[in-house]
Amino acid sequence: MQKSNLVTLLFSLFSGARINIIGQLFGSEAVALIFFPFRSIKSIFSIKPVKKILLPYGLFLCSLVVSDIFVNDISSEQFLRGWSNIIFSFIQVIFLINLFVKSEKNYSWYLMFAAISFFIFRPQMEGEFMLESNAFKVFFMFGVNSLILLLAYHLGQKSRSSPILIFFAYALFCMIADARSNGVVYFLSAIIYCIKIFRIKLSYDKIAFFFSFVLFIGYSGYIYYASKVLSGEIGGGNARQILELENPYNPFELLAKGRVESLFALTPIMDRPFFGFGSWANDATGQYILEYNSLKESPGGSTENRLIPAHSIVLASWLWAGLGGLVGVVLLYFRVFKWGFTLFMKTNSNLLILIIPLMLDQMWNFLFSPIGHLRQTAPFFFALVIVEYYRFCKQKKLTGEI
């Protein structure tokens, strides 16, 4: 075992552990600080894509500092917790890039021990996890995702069609287990990977056909899922949302119902679009919380937690840090998504088995998941794409193609 393999193992193994420092410090972040590659920092920053993510991270952080200190007078405890999301995200990306450049095997080490870590630490943190009606999504999904990616990646090296079957089967399981968005991610991953490996050339007619096919299969699956929920065969927190809809067979109504936090964030953003509300977006008067509770049809909800809801990385960045935060985070994700798309279009690497579902998952997180994902799930995807894009560009230069 190489040293980089061992460090990757430690990093991912402790990713589920939490230490109460500056809010919560993840065990993986402590490992990254201890083993941070200071000696290799110059060579890491010589990688062109690394330079291109420095500006977006810096813009987001500087905008948040201005909002916290000069505009909103946020307490030190609160702004340190806010800044840590950006700083530790960047530290982890650099740390993982250094490991992944040294060995492609570290992708597998990461996925394997990230899953183990999740199963070791998560139930201990949550207590009576089996009593949760949505237990799979809350307590097991992220660990199982890592195992599914690991299995698909290794089986895909022997049979290129194996990941398609694995992704389809897992998508079906996720829908039954009330993890809808995860099911959609893996369903689309199977379709997209199928197009890639069978080298289907997409004309306008074929794009229209595949789009219609995906809509038909997807909506048919949704109707089946909704009917099972209405009959009581599928339960859980997410499933209960369907019972509250005027038209349970309208997926757009379900999306609006399930993502009120994301859509609601635009209301306070329009009141302070330039500098935002600072880290964690404190609602000093409770006005926005009351409006939010009203939209959630729970007007009697508590206003003790005065943090304005923002279930979206892009909108939370805007809500916290104003326009600078919005531009920074959009530029960051746009660049990484662009590099990932280039790899999809111009390479046939087995690592597309990992890149496709991870990119779809991060697209969802960008729009509809809490800002904590910038620190928790984005670093692995960012580092993977940056390293493979760097290798792709390096190889093309060697062959004289660019």
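Right above here is the structure, for reference.
All of these numbers come straight from a predicted model, not from anything done at the bench.

## Side note on the overall build of the protein chain
Alright, step 1. Of regular secondary structure, the protein chain possesses 19 helices and 2 strands.
Alright, step 2. Here the protein chain holds 402 residues, and 52% of them are scored as buried.
Alright, step 3. A sequence separation of at least 24 residues applies to 72% of the contacts in the protein chain between residues at least 6 apart.
Alright, step 4. A total accessible area of about 19700 Å² is found for the protein chain, and carbon and sulfur atoms account for 65% of it.

## Looking at a positive patch on the surface
Alright, step 1. The grouping of Lys 48, Lys 51, Lys 52, Lys 338 and Lys 397 at the surface amounts to a positive patch.
Alright, step 2. Per-element tally for the positive patch: the top contributor is helix 4 (residues 48–71), with 3 residues.
Alright, step 3. Counting through the fold element by element, Lys 48 comes out in helix 4.

## A short note on the packing of helix 1 (residues 3–13) against helix 5 (residues 76–102)
Alright, step 1. One way to put it is that helix 1 packs onto helix 5 with a least axis distance of 9 Å and a crossing angle of 145°. Pair helix 1 / helix 5 crosses with left-handed handedness. Counting all contacts with helix 1, which are made through Ser 4, Val 7, Thr 8 and Phe 11, the residues of helix 5 involved are Gln 92, Phe 95, Leu 96, Leu 99 and Lys 102.

## Some thoughts on unusual backbone geometry
Alright, step 1. Located in the positive-phi region is Trp 280, a residue other than glycine, with phi close to 70°.
Alright, step 2. Structurally, the position occupied by Trp 280 is in the loop between helix 14 (266–271) and helix 15 (287–295).

## What to know about a nonpolar patch on the surface
Alright, step 1. A grouping of Val 66, Ile 69, Phe 70, Val 71, Phe 274, Phe 275 and Leu 323 is seen on the molecular surface, where their side chains present a nonpolar patch of about 680 Å² in accessible area.
Alright, step 2. For the nonpolar patch, the element with the highest residue contribution is helix 4, accounting for 4 residues.
Alright, step 3. Among the structural elements, Val 66 can be located in helix 4.

## Structural notes on the layout of surface pockets
Alright, step 1. Looking at the second largest pocket, its volume works out to about 350 Å³.
Alright, step 2. Lining the second largest pocket are 15 residues; nearest its centre among them are Lys 48, Pro 49, Tyr 389, Cys 393 and Lys 397.
Alright, step 3. The set of elements that each furnish at least two residues to the lining of the second largest pocket consists of helix 4, helix 16 (313–346) and helix 19 (378–398).
Alright, step 4. Tallied by class, the residues present in the lining of the second largest pocket amount to 8 nonpolar, 1 polar and 6 charged.

## Topic: the pattern of salt bridges
Pairing is possible between side chains that carry opposite charge, provided their charged atoms lie close to one another.
Alright, step 1. One pass over the full model with this rule turns up 2 salt bridges.
Alright, step 2. Residues Arg 375 and Glu 29 are paired through a salt bridge, measuring 2.6 Å at the closest nitrogen-oxygen approach. With Arg 375 in helix 18 (residues 373–376) and Glu 29 in helix 2 (residues 27–34), this pair connects stretches of sequence that are 346 residues apart. Glu 29 shares its class with Arg 375; the two are buried.

The rules behind each value
Residues numbered from 1 in each chain as written. Predicted model: local features only at pLDDT ≥ 70, side-chain atom pairs only at ≥ 80, totals over all residues. Heavy atoms only, no water. Helix = DSSP H or I, 4+ residues; strand = E, 2+ residues; numbered from the N terminus. Buried < 20%, exposed > 50% of the residue type's maximum accessible area, 1.4 Å probe, protein only. Contact = heavy atoms within 4.5 Å. Areas by Shrake-Rupley, 256 points an atom, 1.4 Å probe, with all protein chains shown as cover. Patch = residues over 30% accessible without salt bridge, like charges linked within 9 Å, V, L, I, M, F, W, Y side chains within 5 Å. Salt bridge = Lys/Arg side-chain N within 4 Å of Asp/Glu carboxyl O. Lys, Arg positive; Asp, Glu negative; His and termini not counted. Charge placed at Lys NZ, Arg CZ, Asp CG, Glu CD. Axes fitted to C-alpha atoms, helices over the stretch in contact; angles between N-to-C directions. Left-handed = near helix turned anticlockwise from the far one by under 90°. 1 Å grid on protein atoms, 1.4 Å probe; cavity = no way out; pocket = protein on both sides within 12 Å on 5 of 7 lines; lining within 4 Å. Points joined across faces, edges and corners; volume = space filled by probe spheres on them. Nonpolar A, V, L, I, M, F, W, Y, C, P; charged D, E, K, R; others polar.

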